[in-house]
Amino acid sequence: MDQLLLGVGTRLQHSQFGPGVIVAVKYATYLVSFINLGVKEIDKTDSHLDEIFPENVSDDIETQSDIEKSLVNILRLWGGISENVPLGEKWHKGTMLLQPFDKSLKPKEIPISDFFHKIVLLRDRLRVLEQNINSSKNLSDEEKVNMQQYITRCYGSLTTFNVLFRNKEQWFIGDKGAS
């Protein structure tokens, strides 16, 4: 059995660490939960892996975390699920007034909560776009990086609206250190 193809759930025996189960798979290593030692990162080619009972063997191995992220992304994309993002307290029941330079034209008044909702939807859609780019099999790594940098600059352009968010951890973050 090729040890490079083992999946999450594979039970194994390590001559130094004892019995364990693979709990995550990385590019060149396994995260193995050993009964007596806890979780350790083990090289896929480690010669101390003695007995192996393969489970979930595949060429395309993803960690449980990757699968959960993919599922959440699919639900967001197809189910209209989005994160609950609260508007800052001071903006509740507030309005935005868009006043044209020409005073003979009527201004447009928009509830801040409606505007905020559209900003959050834009952010969610940028995230989905980002995920689609990252998971694309048709784009080269260079193309993915270039598109990713463009999306990061889009986030940077939206940082002005961070003032509307109640929680700082939900702010837009652009390219730190870029001029």
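Preceding this section is the structure that the text describes.
Source: prediction; values computed, not measured.

Peer 1: Help me understand the overall build of the chain, please; the structure alone is not making it clear to me.
Peer 2: For the chain, the count of helices and strands is three helices and seven strands. Going from N to C terminus, the chain has its helices and strands arranged as β-β-β-β-β-α-β-β-α-α. Evaluated residue by residue, the chain yields a buried proportion of 27% over its 179 residues. Working note: accessible area of the chain is about 12,500 Å², and carbon and sulfur atoms make up 54% of it.

Peer 1: Help me understand unusual backbone geometry, please; the structure alone is not making it clear to me.
Peer 2: Working note: non-glycine residues mostly have negative phi, and peptide bonds are mostly trans. The backbone of Lys93 sits at a positive phi, close to 65°, despite the residue not being glycine. Mapping Lys93 onto the fold places it in the loop between helix H1 (64-79) and strand E6 (95-98).

Peer 1: Would you mind showing me how to read a nonpolar patch on the surface here?
Peer 2: Taken together, the side chains of Val21, Val23 and Val39 define a hydrophobic patch exposed on the protein surface, amounting to about 210 Å² of accessible area. Topologically, Val39 is positioned in strand E4 (residues 38-43).

Peer 1: How do you make sense of the packing of aromatic side chains when you look at a structure like this?
Peer 2: Each aromatic ring pair is specified by the distance between its two centres and by the angle formed by the two planes. Scanning the model with the defined rule gives three aromatic pairs in all. The ring of Phe17 carries the charged tip of Lys40 above its face, separated from the ring centre by 5.6 Å.

Peer 1: Could you clarify how one ought to interpret the pattern of salt bridges in this entry?
Peer 2: Side chains bearing opposite charge may pair, as long as their charged atoms lie close to each other. On inspection of all chains with the given rule, the structure shows two salt bridges. Between Lys26 and Glu41 there is a salt bridge whose closest N-O contact spans 3.7 Å. Remark: Glu41 occurs in strand E4 and Lys26 occurs in the loop between strand E2 (18-25) and strand E3 (29-34); sequence separation between them is 15 residues.

Peer 1: Looking at this model, I keep getting lost on the nonpolar core. Mind explaining?
Peer 2: By size, the foremost hydrophobic cluster in this structure holds 14 residues, and its most contacted members are Phe116, Phe165 and Phe172. Of the residues forming this core, the biggest block, six residues, is contributed by helix H2 (residues 112-135). Setting aside chain neighbours within four positions, we find Phe116 in contact with Val85, Pro86, Leu87, Leu164 and Phe165. In terms of nonpolar packing, the next biggest core, distinct from the first, is built from nine residues, Ile22, Tyr30, Phe34 and Ile42 among them.

Peer 1: Whenever I open this one, the side chain of Lys44 confuses me. Can you help?
Peer 2: One can find Lys44 in the loop between E4 and strand E5 (49-53). For Lys44, a relative accessible area of 8% corresponds to the buried category. A distance of 3.0 Å separates a polar side-chain atom of Lys44 from the backbone oxygen of Lys26.

Peer 1: What should I look at first to understand the pairing of E2 in this one?
Peer 2: A regular strand places its side chains on the two faces of the sheet in alternate fashion. Where strand E1 (residues 11-14) and E2 come together, four bridges link them in antiparallel fashion. Across the sheet, Gln13 pairs through a bridge with Pro19, a residue of E2. Connecting E1 to the antiparallel partner E2 that follows it, the hairpin turn spans three residues. Bridge count for E2 against E3 is five bridges, and the pairing is antiparallel. Looking at the pairing, Ala24 lines up with Leu31 of E3.

Each value, and the rule that gives it
Residues numbered from 1 in each chain as written. Predicted model: local features only at pLDDT ≥ 70, side-chain atom pairs only at ≥ 80, totals over all residues. Heavy atoms only, no water. Helix = DSSP H or I, 4+ residues; strand = E, 2+ residues; numbered from the N terminus. Buried < 20%, exposed > 50% of the residue type's maximum accessible area, 1.4 Å probe, protein only. Areas by Shrake-Rupley, 256 points an atom, 1.4 Å probe, with all protein chains shown as cover. Patch = residues over 30% accessible without salt bridge, like charges linked within 9 Å, V, L, I, M, F, W, Y side chains within 5 Å. Salt bridge = Lys/Arg side-chain N within 4 Å of Asp/Glu carboxyl O. Phe/Tyr/Trp six-rings, centres within 6.5 Å; stacked < 30°, edge-to-face > 60°. Lys NZ or Arg CZ within 6 Å of the ring centre and 35° of its normal. Core = buried A, V, L, I, M, F, W, Y, C linked by side-chain atoms within 4.5 Å. Contact = heavy atoms within 4.5 Å. Polar contact = N/O pair within 3.5 Å; in protein donor to acceptor, adjacent residues only side chain to side chain. Pairing = 2+ DSSP bridges.

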